[in-house]
Amino acid sequence: MPLCADASMPSYWTTLPARRLEPADFLQPSCLDATELTAALAAHWRAIGEPDLAALAAELVTLAQALRTTEAATDAPSPFLYTMF
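Here's what I pulled together on the structure shown here. This one's a predicted model, so the numbers in the text were calculated from it and none came from an experiment. Residue indices begin from 1 for each chain and proceed along its sequence in written order. Selection of residues for local features in this predicted model requires a pLDDT of at least 70, selection of side-chain atom pairs for listing and counting requires 80 or more, and totals for whole chains, interfaces and linings are taken over all residues. By convention in this description, side-chain values take in all heavy atoms of the structure and omit both hydrogens and water.

### Notes on the overall build of the chain
Then comes step 1: By the criteria applied, helices consist of DSSP H or I runs no shorter than four residues and strands consist of E runs no shorter than two, each listed in order from the N terminus. Within the chain, the secondary structure is distributed over two helices and zero strands.
Then comes step 2: Relative accessibility under 20% of the residue-type maximum defines a buried residue, over 50% an exposed one, and the middle range a partly exposed one, all with a 1.4 Å probe and only protein chains included. The buried share of the chain, reckoned over its 85 residues, is 8%.
Then comes step 3: The protein chains shown are the only cover counted for residues, whose accessible areas, like all others here, come from Shrake-Rupley with a 1.4 Å probe. Carbon and sulfur atoms provide 63% of the accessible area of the chain, an area that totals close to 8300 Å².

### Some words on a nonpolar patch on the surface
Then comes step 1: Each patch groups residues whose relative accessible area exceeds 30% and which form no salt bridge, using 9 Å between like charges and 5 Å between nonpolar side chains of Val, Leu, Ile, Met, Phe, Trp and Tyr. Here a salt bridge means any side-chain nitrogen of Lys or Arg lying within 4 Å of a carboxyl oxygen belonging to Asp or Glu. Together, Leu53, Leu56, Leu60, Leu63 and Leu67 line one region of the surface with nonpolar side chains, adding up to about 430 Å² of accessible area.
Then comes step 2: Along the chain, leucine 56 turns up in helix H2 (residues 51–67).

### Observations concerning helix H1 (residues 34–47)
Then comes step 1: How far a helix is expected to stretch is found by multiplying one less than its residue total by 1.5 Å. An ideal rise of 1.5 Å per residue puts 20 Å on 14 residues; H1 measures up with 20 Å between its terminal C-alpha atoms.
Then comes step 2: Those residues of H1 not exposed but buried are Thr38, Ala42 and Trp45. All buried residues of H1 lie within an arc of 70 degrees about the axis, which places them on one face of the element.
Then comes step 3: Whenever two N or O atoms come within 3.5 Å, that pair is a polar contact, provided that in protein one can donate a hydrogen and the other can accept it, and provided that, for residues adjacent in sequence, both atoms are side-chain atoms. If you check the start of H1, you find a side-chain oxygen 2.9 Å away from the backbone N of threonine 35, and it comes from aspartate 33. Note: the arc covers the axis-to-C-beta directions of the helix.

### Focus: the environment of alanine 43
Then comes step 1: Along the chain, the position of alanine 43 falls in helix H1.
Then comes step 2: Here alanine 43 falls in the partly exposed class, since its relative accessible area comes to 38%.
Then comes step 3: For the pair alanine 43 and alanine 54, spaced eleven residues apart in sequence, the C-alpha to C-alpha distance is 7.0 Å.

### Some details on the packing of H1 against H2
Then comes step 1: Note on geometry: axes are lines fitted to C-alpha atoms, helical ones only across the stretch in contact, with angles between N-to-C directions running from 0 to 180 degrees. Between H1 and H2, whose axes approach to 8 Å, the crossing angle comes to 155 degrees. By the angle between their directions, the pair H1 and H2 is classed as roughly antiparallel. Like other packed secondary-structure pairs, H1 and H2 cross with a definite hand, here right-handed. Residues Ala34, Leu37, Thr38, Leu41, Ala42, Trp45 and Arg46 of H1 pack against Pro51, Leu53, Ala54, Ala57, Ala58, Leu60, Val61 and Gln65 of H2. Angles are sorted into four bins: roughly parallel if under 35 degrees, roughly antiparallel if over 145, roughly perpendicular if 65 to 115, and oblique for all others. Here a crossing is taken to be left-handed if its near helix is turned anticlockwise relative to the far helix by less than a right angle, and right-handed if that turn runs clockwise. Any pair of residues with heavy atoms lying within 4.5 Å of one another is described as a contacting pair.

### Thoughts on H2
Owing to its 3.6 residues per turn, the α-helix aligns residues three or four sequence positions apart on the same side.
Then comes step 1: Taking 1.5 Å as the rise per residue, H2 with 17 residues should run 24 Å; its terminal C-alpha atoms sit 25 Å apart, in good agreement.
Then comes step 2: To get the bend at a residue, fit one axis to the 7 residues ending there and another to the 7 starting there, then take the angle between the axes. Within H2, the axis deviates most sharply at alanine 57, by approximately 45 degrees.
Then comes step 3: Of all the residues in H2, the buried ones are Ala54, Ala57 and Val61.
Then comes step 4: Elements in contact with the buried residues of H2: H1.

### A word on the environment of alanine 54
Then comes step 1: Along the chain, alanine 54 turns up in helix H2.
Then comes step 2: Other than its neighbours up to four places away in sequence, alanine 54 contacts Ala42, Trp45 and Arg46.

Here it is as structure tokens:
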């Protein structure tokens with residue numbers, strides 16, 4: 001990484017290697033399971049110097065699970081669906 005302009009360089013752009021995205025590239029593994037999420041949150045907060053938040057990670061995940069709601073399956077269209085006919 002250059003620290004200043006270099007007149008001898010034709011460009012500072014670099015070509016990145018081509019890479020095919022996989023389904024796993026779109027998943028955050030720590031969010032697949034409450035235990036993993038708790039550990040990831042606590043580790044992140046400890047790493048950024050927030051031990052008080054890290055101590056609350058388990059309680060926050062438990063609260064999130066308690067507040068989680070799932071909608072019952074229905075044949076009716078969503079009220080947010082724009083009906084054209």
